[in-house]
Every structure is written in structure tokens, then in C-alpha cells.
Amino acid sequence: MSESLKIYNTLTREKEIFKPLAPPHVGLYVCGPTVYGYVHLGNCRTFTSFDIVYRYLNHLGYKVRYVRNITDVGHLTGDTDDGEDKIAKKARLENLEPMEIVQRYTVDFHTVMKKLNNFEPSIEPTATGHLLEQMALVKEIIAEGFGYESNGSVYFDVKKYNEKYQYGKLSGRVLEELLASTERENLRRELQGQEEKRSQEDFALWKKAEPQHIMQWESPWGMGFPGWHLECSAMSTKYLGKKFDIHGGGLDLKFPHHECEIAQSVGSTGEEPANYWMHANMLTINGQKMSKSLNNSILPVELFAGKHPLLEEAYSPMTLRFCMLQTHYRSTMDLSNDSLKASRKGYKKVINGLRIAKQLVYPETAENQIDSKQIEQIDLIISQLYEGMNDDFNTAKTLAALFELLKKINSLESGQIQAENLGKECFDNLIKTYIVFVEEILGLFEEEPADQKRLVESLMQIYKEAKQHKNYSQVDQIRANLKNLGIVVKDMKHKIDWAYEE
Ligand code: AMP
Ligand code: ZN
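Throughout what follows, the structure given in this document is the object of discussion. On a predicted model such as this, the values are computed, not experimentally measured, just so you know.

## Description of the overall build of the protein
At step 1: In terms of helices and strands, the protein carries 16 helices and 15 strands.
At step 2: Principal-axis analysis of the C-alpha atoms gives the protein an extent of 90 × 65 × 40 Å.
At step 3: Taken over 502 residues, the protein has a buried fraction of 51%.
At step 4: A fraction of 73% describes how many contacts in the protein between residues 6 or more apart in sequence connect residues 24 or more apart.
At step 5: Averaging the locations of the 61 positively and 71 negatively charged side chains of the protein gives two centres separated by 4 Å.

What follows is the structure, given as C-alpha cells:
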């Protein structure tokens, strides 16, 4: 464990030394996707950012309980209390069961996370699986005087809460200003006789369902469904306790989602839920946030196949991951063909280094002529790798140091540096650190060449030529090599082909 990890806390707007509540245990909650559509590259960025957080905390020796939810009810199209449930809407449009929608996009989400080598969370709770906990929380908030029932729905009383606590702490918004900006909207709604809320900033804890609404449950307030913010408060408390260490999500969730989560927790327990709030910045495309609703999203399958009008070619999952690591998670990341191409180069360099690192061995008959200057340099680079990660998970800094370490590995391979001059301890440390950073902390692995078939075809071409030239020893060798790959050569009278070995 480390005393030197600093995390930028959105709540205090400062980088703070990370002090877990109950070391070695760490509670990490990350808001998961609303599963009403395929995840796009923007979503992937946020989840990859928190995968790095999880990986590094694990590396430091913490025992992390990582909870990432699946939103399968309650998230309305207006992102506030307006509109239709996103999942119910999709189910209606496609004439499917809401749970068919949920299943389809949850599976897609998991497939993409696996491709990007993001670890699974320890617990992945769903909102529909925690309705009892959510209703219990609504009751607690009502009992504390911060929730009120209105026409079958229950709302959080923001004004009342703000008299005792501070609403807007996380996002830096001031309630009076929020209210002023919504006054006109209020008036419009009142005129239309739609007003259920005491104040426009109040948000739904529980919503009354109209009879035709396809996702609804019985509650003390009649048939209805939970408000979007409620699930995260209920599930984080259930699995991580009333107070836990880190709460994360994309920056666009800071307000209103996370602000409301804080209000719900404080309004029911008197305690703020998380010690550190972390937000991943947005992935943009041509300077604009990538978003389903803006119609500018690129899906991972489109990227991996190179099939999208904005893409010049295909880019692999590890190229994308590398690209994400090159930008610090708190900066916006603009995706472009240029940055992806550069990332592919960088990724390949790193992976070539990995292959070399795994092959290098310290000579047994080493006569040490220690080069202390070299050792000093290597130790410095290794400390820089950690400095990067300790500086609020700055993967960009860490990658820069990793390339310096890679130079040493390449020099070892070319003989510019002799292993024995480093001594066994430094040599082992260099190799181990490189491998650990690449594989364990940054989560990069060696991708198989995308097209195995092309490789087989080119070997077959050589086979045919060797045969023409009656070079039978080469013919036999290629045949044997292909067999090792599970491929048999079909040398027929009329043609030469290959098949999978049965
Ligand atoms: P959603 O499926 O809309 O609930 O979003 C899932 C996660 O992806 C949330 O944490 C969002 O903040 C995050 N997210 C959405 N769009 C982007 C984007 N363009 N860049 C980075 N993260 C995003
Ligand atoms: Zn959430």
C-alpha cells in the first residue's frame, strides 16, 4: 500500500492523499450504463478510466470491492424527471419485453468490456433487482422530512434540504440561481396544471406510473417506478456501507445525478456517501461530446471493423485502450484517425518490448562489473512510473516513463547494455516492473494478428512455389509448421488448398 497516491477529489476540488476508511479494504462505486442501447466509445472511456483506478489500487495491495451498477429502470429520456423511461421506450419501439432490451445491451456491454480488457466488477447490481432497498430508502428520506408525496409520486424537497445542508456542493451550483433559472419553466408548468413538485429543483424519488407504463411495481405510494438517482444511493449503501471510499462516473453525471445522490444519502443518514468523488472527462469527436442523443457516436464494433464514415481504417481494441491511456482521465479526449494511428504505433512498440522482456534472461555465469550510473537511471525511471500513477492516475505520465524503460529493454536486447553490468537485482526489477506495468496496471496484452487466415494463405503461397521448384524439404517443413497451427495441406491433383485439421 502506498501513502503517496493522490486523487483529485471533485468534492473538495483538490488533489488529496488517498486515505481509505478501513485499509486494506477500499469501497469503489462506479455508475454503470443505462442498458437501452449499444455502448459507444465515450462510455468505454469512462469505464476504462475506472478500470485503471481499480487495477492500480489492487496493485498497491488494497482489497477493493468494486461495485458497478446496471441501470435497467428509472432513467428517463429527459435525464431529469421528464420524458419516458429509456428502456421502456426502446421496448415499445421494438415491440419487445423491457428485459429483452436489458439483456441485449447488458451482453453487449460485457462483450465490449472484455475486449478492452476491463476487469469485471466485484458486484454488478441492477436497479430492478433492488426495488425493496430503494423503497426503504424513500421511506427513510420521508421520515427525515426531506421527501413528500404528491399525486402518487414522491419528490425530494431540495429547498428544505438546503436549509439544513448544502445542495450543490459537488457541482458548485447554488440553489438560488438554479431556482431563478427555472422560474419561467415553473410558470409554464403551473399554467398547464402539471405541477406536482413544490419546487422545480425537487427531483423524483419514486414516480407514479400511468396504467399503460410497461415497467411498474407496487409500492406504499401506489404503482410506480424508482427515480434514476435513487438506485445508486440504495445499492452503494447496501454493498459498501453508508460511507465508502470512492464514487466515480463520467463528468456529465456530476449534476444532477451525483448531486442528488449526495442529497439522498445526507437526507437519510446525515452522512455524505463517499470520501472521494472522481469524474472521468468526456470523449469528444470533432470537439463535440460523443453521445447517443447527438447522433455522433461510434460503436466499438464499428471501430474494430473500420466501418464508420469518420474512420479511415480499422483500429483494434488494444489500440483504443492505448489511445485512452495517453490522455489523463480528467482531460477531454478528442478521438481522431491521427491519434488512433499514433496509438497503434505506440501500442506495438510497448508490446514488442513485452515480448523482448519475457525472453531476456540474466546470464548464469555473470561476472559483475556493476554500472552504477545505469542502475541509477533505471531506478529513476521506475520511480517515475509510480509517480505518474500516484499523481491522480496520470497514465499519460506513466506511459512516457514506460517508453524510457523500453529503451533500456531494447538496449539490453541489442547488447548496448549488458545485463551483467546491471546486477541481477536491478535486471530482475527492470523486467518485472515493465511486465507488471504493461499487463497488470495498464491492462495491455498482445493481440493475436487480426487475420490468421491471411498468414495461412501466404504460407500456402510459399508452399506452392516450393512445390513448383521441387524443393521438397521446404514443402515438408511448411506442411509440418501448418500442422502445428492445426491446419492441414490438401494437395490434390487439380488444386492445392488447406483445411482445418479435424
Ligand atoms: P449512460 O449509458 O448514458 O448512462 O452512460 C454510461 C457512462 O458513460 C456514464 O458514466 C457517462 O458519464 C459516461 N459517458 C457518456 N458519454 C460519454 C462521453 N462522451 N465520454 C466519456 N464518458 C461518457
Ligand atoms: Zn449512478
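## Some points on the layout of surface pockets
At step 1: Each pocket or cavity is described by its volume, and for the largest pocket that value is around 820 Å³.
At step 2: In terms of lining, the largest pocket is formed by 37 residues, of which the most central are Y36, N43, H75, K86 and D252.
At step 3: Mapped onto the lining of the largest pocket, the elements with two or more residues apiece are α1 (41-59), α2 (86-94), α7 (228-240) and α8 (254-269).
At step 4: Looking at side-chain class alone, the lining of the largest pocket contains 15 nonpolar, 15 polar and 7 charged residues.
At step 5: There are two domains that each give the lining of the largest pocket at least three residues, and those are domain 1 (20-280) and domain 2 (285-441).
At step 6: Put simply, the second largest pocket is a space of about 570 Å³.
At step 7: Looking at the lining of the second largest pocket residue by residue, the class counts come to 6 nonpolar, 7 polar and 11 charged.

## Quick word on the pattern of salt bridges
Oppositely charged side chains can pair when the atoms bearing their charge come close.
At step 1: The final tally for this structure, using the stated rule, is 26 salt bridges.
At step 2: A salt bridge links K341 to E312; the shortest N-O distance between them is 2.5 Å. Of this pair, K341 sits in helix α11 (residues 337-359) while E312 sits in the loop between α9 (300-305) and α10 (317-325), and the two are 29 residues apart along the sequence.
At step 3: Its salt-bridge partner being E313, residue K341 comes within 3.9 Å of it at the nearest N-O pair. Placement of the pair is K341 in helix α11 and E313 in the loop between α9 and α10, with a sequence separation of 28 residues.

Scoring rules and cut-offs
- Residues numbered from 1 in each chain as written.
- Chains lettered and ligands numbered in written order.
- Predicted model: local features only at pLDDT ≥ 70, side-chain atom pairs only at ≥ 80, totals over all residues.
- Heavy atoms only, no water.
- Helix = DSSP H or I, 4+ residues; strand = E, 2+ residues; numbered from the N terminus.
- Buried < 20%, exposed > 50% of the residue type's maximum accessible area, 1.4 Å probe, protein only.
- Contact = heavy atoms within 4.5 Å.
- Lys, Arg positive; Asp, Glu negative; His and termini not counted.
- Charge placed at Lys NZ, Arg CZ, Asp CG, Glu CD.
- 1 Å grid on protein atoms, 1.4 Å probe; cavity = no way out; pocket = protein on both sides within 12 Å on 5 of 7 lines; lining within 4 Å.
- Points joined across faces, edges and corners; volume = space filled by probe spheres on them.
- Nonpolar A, V, L, I, M, F, W, Y, C, P; charged D, E, K, R; others polar.
- Domains from an automatic or database assignment.
- Salt bridge = Lys/Arg side-chain N within 4 Å of Asp/Glu carboxyl O.

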